Amino acid sequence: MKKTMVFPVLAFFFLSCGTGRTGYDQAKLSAFRKALPQQTLISVKVPEATDQPVPLAVGDPATYPRDVMPTSQEINSVIKALLDQLDLITDTPPTFYDSEKMEFVWGPFDDSDSALQGDNVYLWVKDNGENTSEDFRYSYALVRGMGRDIAKNTPVIWGAANPDPNNDDFGNGVILWDFEANYGFEEANDPGHGNLDRGRFACAYFKGQDKDNQDNIITLVVGAFRNFVSKDDGDTATPLDADYFWGHVKTPKEYFDFIDFKLAMDLDQIKDSKIENLDIRMAFYNSGVGRAEMLAYGGDIPDESRVESTECWNSLIMREFFNIELVSQDGSRTEIQPTEGLPENCAMQNLDTVPSLDDVPADIMNALSDVAENGVPQ
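None of these values were measured; they are calculated from a predicted model.

Cut-offs used in this document
- Residues numbered from 1 in each chain as written.
- Predicted model: local features only at pLDDT ≥ 70, side-chain atom pairs only at ≥ 80, totals over all residues.
- Heavy atoms only, no water.
- Helix = DSSP H or I, 4+ residues; strand = E, 2+ residues; numbered from the N terminus.
- Buried < 20%, exposed > 50% of the residue type's maximum accessible area, 1.4 Å probe, protein only.
- Contact = heavy atoms within 4.5 Å.
- Areas by Shrake-Rupley, 256 points an atom, 1.4 Å probe, with all protein chains shown as cover.
- Salt bridge = Lys/Arg side-chain N within 4 Å of Asp/Glu carboxyl O.
- Pairing = 2+ DSSP bridges.
- Core = buried A, V, L, I, M, F, W, Y, C linked by side-chain atoms within 4.5 Å.
- Polar contact = N/O pair within 3.5 Å; in protein donor to acceptor, adjacent residues only side chain to side chain.
- Expected span 1.5 Å × (residues − 1).
- Bend = angle between axes of the 7 residues up to and from the residue.
- Disulfide = S-S within 2.5 Å.
- Phe/Tyr/Trp six-rings, centres within 6.5 Å; stacked < 30°, edge-to-face > 60°.
- Lys NZ or Arg CZ within 6 Å of the ring centre and 35° of its normal.

Caption draft 1: Spotlight on the overall build of the protein chain. Counting its regular elements, the protein chain contains six helices and 15 strands. Across the 378 residues in the protein chain, those meeting the buried criterion constitute 47%. Summarising the internal contacts of the protein chain: among those between residues at least 6 apart in sequence, 54% fall at separations of at least 24. For the protein chain, the exposed surface amounts to about 18,700 Å²; the carbon and sulfur share of it is 48%.

Structure, rendered in structure tokens:
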């Protein structure tokens, strides 16, 4: 991905030069609006597990769908808040259209969520041209500013997209929510602010027909959180570093979902315990029958050892099989708790053919990680 195209910085500055124009048609405006992704496209889906105490037997609610739910809900809440801002703005008529630069601009609008006098926001969407040499046809940014002082403008949301001109639901793109830039804006203009979200979130997404079977529709989303702390968790929370890969395959008769989370977290959650590395993979049919595999290492887990776990569930998200073992350096296995059920009860015997984060091209993952870690190069 070309960073110079994906995250342009100063295109909205033409506002201050008075070159904005208002002549455009609704078809053009609609095409620009489609550059912004829909929440349903990039939200993570997991089975709706029953919120019950940790199960101990076959027939109890499955553990991993329930345990993954808070993480997926946090991801979805971030996505919702991000896209709600963009939708709220683009539901209004644009303020400017420049036919030469092929840009729409909304704003400036007073930021109703801010206590700052003169705090406002802009949103611009740019068409890079049908024959652009860049990776994406459209690019956009949400910008916070103080009055008309360009030096105090701070882009906080960035993105780029290739909408499918023949199908409103299809396309691909990238998006970044820069909580650190937002925090820096608040620090510069309102040092007395309360708790704020910190860190960054970046993701890339695709939705379209399966090239091998056009009756099947595929959705793929890969994302990265770096140093993320929710404002609701306060300054003492441990920053979250997490990668995830979610896929949805819809066929004429059913649908199939898979997800892979890689994150660092404290599994023990006791005083002075260390952070472990955790990888949870899940796959399920029709939001029901499925399988999860977990791998944990590092932290308080002995060196050269790892914890492995498998769980399978039925269409009601009730456990059919569960085991969890400590695997030592020599390959020996020790049950951490008694195995429940039989592995042959699993509808899916393994996840060997299910995509994972390891299948995401390294250049895409590295680019997302770099932007989520360091922000957009200026």
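Caption draft 2: Geometry of the pattern of salt bridges. Per the counting criterion, the structure on display carries 14 salt bridges. Aspartate 168 is the salt-bridge partner of lysine 34, the closest N and O atoms lying 2.7 Å from each other. Here the residue lysine 34 occupies a position in the loop between α2 (26-33) and α3 (39-42), and aspartate 168 occupies one in the loop between β5 (149-163) and β6 (171-178), the gap between them amounting to 134 residues. With a relative accessible area of 35%, lysine 34 lands in the partly exposed category. The shortest N-O distance in the salt bridge between aspartate 243 and arginine 226 comes to 2.9 Å. Of this pair, aspartate 243 sits in strand β9 (residues 240-250) while arginine 226 sits in strand β8 (residues 213-229), placing them 17 residues apart in sequence. Taking relative accessible area as the criterion, arginine 226 reaches 10% and is therefore assigned buried. What emerges from the salt-bridge pattern is a single network uniting Arg306, Glu308, Glu325 and Arg333.

Caption draft 3: Quick peek at the pairing of strand β4 (residues 138-146). Counting buried residues in β4 gives nine out of nine residues, a clear majority hidden from the surface. Going residue by residue along β4, you find Tyr138, Tyr140, Leu142, Arg144 and Met146 tucked away on one face and Ser139, Ala141, Val143 and Gly145 tucked away on the opposite face as well. Pairing of strand β3 (residues 119-127) with β4 involves nine bridges; the strand directions are antiparallel. What sits directly across from valine 125, in β4, is tyrosine 140.

Caption draft 4: Structural view of the nonpolar core. In this structure, Leu86, Phe201 and Tyr244 are the most contacted members of the largest nonpolar core, which totals 61 residues. Looking at which element gives the most residues to this core, the answer is helix α4 (residues 63-90), with ten residues. The contacts of phenylalanine 201, once residues within four sequence positions are left out, are Val78, Ile79, Leu82, Ile175, Leu176, Trp177, Phe179, Ala224, Phe225 and Tyr244. The next biggest cluster of nonpolar side chains, apart from the first, holds 28 residues, and it includes Ala160, Val222, Ala283 and Met348.

Caption draft 5: How the structure looks around the pairing of strand β15 (residues 333-341). Of the pairings in the sheet, the one linking strand β14 (residues 319-327) to β15 comprises six bridges and is antiparallel in character. In the strand pairing of β15, phenylalanine 321 is matched with glycine 341.

Caption draft 6: A look at the side chain of arginine 200. By secondary structure assignment, the location of arginine 200 is in strand β7 (residues 198-210). Judged by relative accessible area, arginine 200 falls into the buried class, the value being 14%. Reaching out from arginine 200, the side chain makes a polar contact with the side chain of aspartate 178 at a distance of 3.0 Å.

Caption draft 7: Up close: α4. For α4, spanning 28 residues, the distance from its first C-alpha to its last is 41 Å, which sits close to the expected 40 Å at 1.5 Å a residue. The sharpest bend along α4 reaches about 35° and sits at methionine 69, with the proline proline 70 one to four residues further on.

Caption draft 8: Geometry of the environment of asparagine 314. Here asparagine 314 is to be found in the loop between β13 (306-313) and β14. Separated by 29 residues in sequence, asparagine 314 and tyrosine 285 have C-alpha atoms that sit 9.8 Å apart. For asparagine 314, the residues in contact, after removing those within four places along its chain, are Gly288, Val289 and Glu320. Of note is the side chain of asparagine 314, whose polar atom sits 3.4 Å from the side chain of glutamate 320.

Caption draft 9: Molecular detail of the state of the cysteines. Counted under the stated rule, the structure contains one disulfide. One disulfide bridge connects cysteine 312 with cysteine 346, the sulfur atoms lying 2.1 Å from each other. Looking along the S-S bond of the cysteine 312-cysteine 346 disulfide, the torsion reads about 95°, which is the right-handed sense. Taken together, the residues cysteine 312 in strand β13 and cysteine 346 in the loop between β15 and α6 (362-374) connect sequence positions 34 residues apart. Across the pair, cysteine 346 and cysteine 312 agree in class, each one buried.

Caption draft 10: Just the packing of aromatic side chains, in detail. Enumeration according to the criterion identifies 13 aromatic pairs in this entry. Ring geometry for phenylalanine 104 and tryptophan 106: centres 6.0 Å apart, planes at 35°, overall tilted. Tryptophan 106 carries the same exposure label as phenylalanine 104, and that label is buried. These aromatic residues form a ring-pair network of at least three members: Phe32, Tyr97, Phe104, Trp106 and Tyr138. One Lys or Arg, arginine 198, reaches over the ring of tyrosine 183 and ends 3.5 Å from the middle of that ring. Across from the ring centre of phenylalanine 322, 4.0 Å away, lies the NZ or CZ of arginine 319, which sits over that ring.

Caption draft 11: Summary view of unusual backbone geometry. With an omega dihedral of 10°, the bond running from glycine 107 to proline 108 counts as a cis peptide bond. Among the structural elements, proline 108 can be located in strand β2 (residues 103-110). A positive phi angle, close to 55°, is found at methionine 102, a residue other than glycine. Mapped onto the fold, methionine 102 is located in the loop between β1 (96-98) and β2. One non-glycine residue, asparagine 286, lies in positive phi territory at about 50°. You can see asparagine 286 is positioned in the loop between β11 (276-285) and β12 (290-297).

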